[in-house]
Amino acid sequence: MTRYFKTITRRVSAFLIALILAGGGIVYAFVNEAISMAFEAATPYVEQGFEVREDTWSGEVEPGKPLLVRHQLFRGNEYWFWAGTSWPGATVEVDIFDSEGQSVKLEGFSKGSYSGVRTLPGKTATYFVRVIVEFDPEKAAKDPELQGFNPAADGVGEFTGMVDWGLAYGYR
Amino acid sequence: MIKTFPHDLNQLFAGILVMASVSGFMLASGQDEAPAKIDLTNFPGEIVEKVVVPIPAEIFAVLDKLGEPNWGSGIELPSGKVAANDRSLLALTFGGLVGEGFIAVQAKDAEEIQKIGREVLKLSNALGLAVAVRPHSLSIIEAAGDKDWKRVRDELDSTQQTVRVTMEKLRDEELSNLVSLGGWLRGTNVVTTFISESFSEDKAELLNQPGLISHFREVLEMMEGPSGKTPAMRAISVGLARLESIVSGAEIISEEDVGQLRDITRSMLEEFYYEKIDLEASKAAN
């Protein structure tokens, strides 16, 4: 299976997962593909009892420019944060730090267009989630597995220096 | 002063940490390690402005782990005093009702949840959002009938999110933020009530949320037009400032602090959700 086909398959499944996580109700909001990717990463954890929040963070960013999201966590809960990007060939990393900037990551995974980080907050406080999306257009252009993949034809537009990102979280 | 936690909670965390570090080692291997520390004072990127307000269920989940409160006693539906022409108060009340729904889910009270589901629909009608909210409201009622508590929680979160997104689409971001404030306030009030009844430092630590209080203060300060300057909104603004003065910089939130937080949040809710209790009159009557 080519990476192109995998990308399309993943997007369709991410869209379906987003629908399922929306509670089976009508989805009024514009479907944000980066968030759909983050929700796809969250799917196995829902089965483990994590409640995935509907409210999320998303936007566009220059590749390589780190993003910092502040969020209130409660000691006694366990959290997963999942980040996603739908840009073909882009990769995303997510990490979490306390108010002193110390890493509080317990485990994580990274699978190209989505990644996750888990933490057990040592105290109830504001924490900082760092998201970095990497994309090298020259490298992507030379990637034989992305040959023939035209983002513009896929409705995401030509590369203009920005890539999409989304961040979701769950607790239990 | 070194803060200590109850023995059982310490043991629980220690156990989880050991398991987590083992599985973390396994999962993290083969990928780039995160830096052990970053400089937050000189962050070389972009700070995301958006604040996601935790839903009351996140705090309730911890409170349940620390000893199950009598959630049923915490349900108290609003008095129906909402000024139908004041959209700011309607938005706050809407958020408060969603918060009420989360309390009723903890209590596993299907009847109250269904009542709240109907009230949510009524209020969304007054806000002109009934079309968007009706499917959620019906799902809440149905899931409560099925005693599917997780689905009720998900639907309450979705309802709030749908209302906020719809308001933002209508360029009504102020109202969207007020929905979050209403829910947070109702949740905080019930949490402070339960913690006051059975105080522990562990439970009180849940109220350490200066970042959220500061966010809500900014939201009210940024409000434009006359709706941000009504006596009710001014009282809520003053209430937030009082909450902030108690929580900010507090190393430990004391029992007395919790009592104050409970009374302040109650008086703030009385600006839009509950009837005002005339303490002087009730003292005189007694």
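Structure first, text after, so check above.
Anyway, here's the lowdown on the structure attached to this text. (Residues numbered from 1 in each chain as written. Chains lettered and ligands numbered in written order. Predicted model: local features only at pLDDT ≥ 70, side-chain atom pairs only at ≥ 80, totals over all residues.)

A look at the interface of chain A and chain B
Okay, so step 1: Contacts between the two partners involve 43 residues from chain A and, on the opposite side, 52 residues from chain B.
Okay, so step 2: Sorting the residues of the side of chain A that touches chain B by element identifies β2 (57-61), β3 (67-73), β5 (91-97), β6 (107-110) and β8 (125-134) of chain A as the ones contributing at least two each.
Okay, so step 3: Ranked by residue count, the leading element in the side of chain A that touches chain B is β3 of chain A, at six residues.
Okay, so step 4: Alignment of β3 of chain A against strand β1 (residues 46-47) of chain B, held across two bridges, turns out to be parallel. Looking at β1 of chain B, one finds that Leu-67 of chain A is bridged to Glu-46 of chain B. (Contact = placed C-beta atoms within 7 Å. Helix = DSSP H or I, 4+ residues; strand = E, 2+ residues; numbered from the N terminus. Pairing = 2+ DSSP bridges.)

Observations concerning the nonpolar core
Okay, so step 1: Counting 106 residues, the largest nonpolar core has Ala-38, Phe-81, Ala-83 and Val-131 of chain A as the members making the most contacts within it.
Okay, so step 2: Ranked by the residues each element gives to this core, the list is headed by helix α4 (residues 87-106) of chain B, at eleven residues.
Okay, so step 3: Setting aside chain neighbours within four positions, we find Ala-83 of chain A in contact with Ala-38, Val-92, Val-94, Tyr-114, Ser-115, Val-131, Trp-165, Gly-166 and Leu-167 of chain A. (Core = buried A, V, L, I, M, F, W, Y, C linked by C-beta atoms within 7 Å. Buried ≥ 20, exposed ≤ 12 C-beta atoms within 10 Å, placed from the backbone.)

Details of the pairing of β5 of chain A
All names here are of chain A.
Okay, so step 1: A large share of β5 lies buried, amounting to five of its seven residues.
Okay, so step 2: Both β5 and β8 contribute to a ladder of seven bridges, which runs antiparallel. The partner of Asp-95 across the bridge, within β8, is Arg-130.

Things to note about unusual backbone geometry
All names here are of chain B.
Okay, so step 1: Positive phi outside glycine occurs at Lys-108, with the angle close to 55 degrees.
Okay, so step 2: For Lys-108, the location among the structural elements is in the loop between α4 and α5 (110-126).
Okay, so step 3: C-beta crowding within 10 Å serves as the criterion here: with 14 such atoms nearby, Lys-108 is assigned to the partly exposed category.
Okay, so step 4: In this structure, Arg-171 takes a positive phi of about 55 degrees despite not being glycine.
Okay, so step 5: Residue position: Arg-171 is located in the loop between α7 (149-169) and α8 (173-197).

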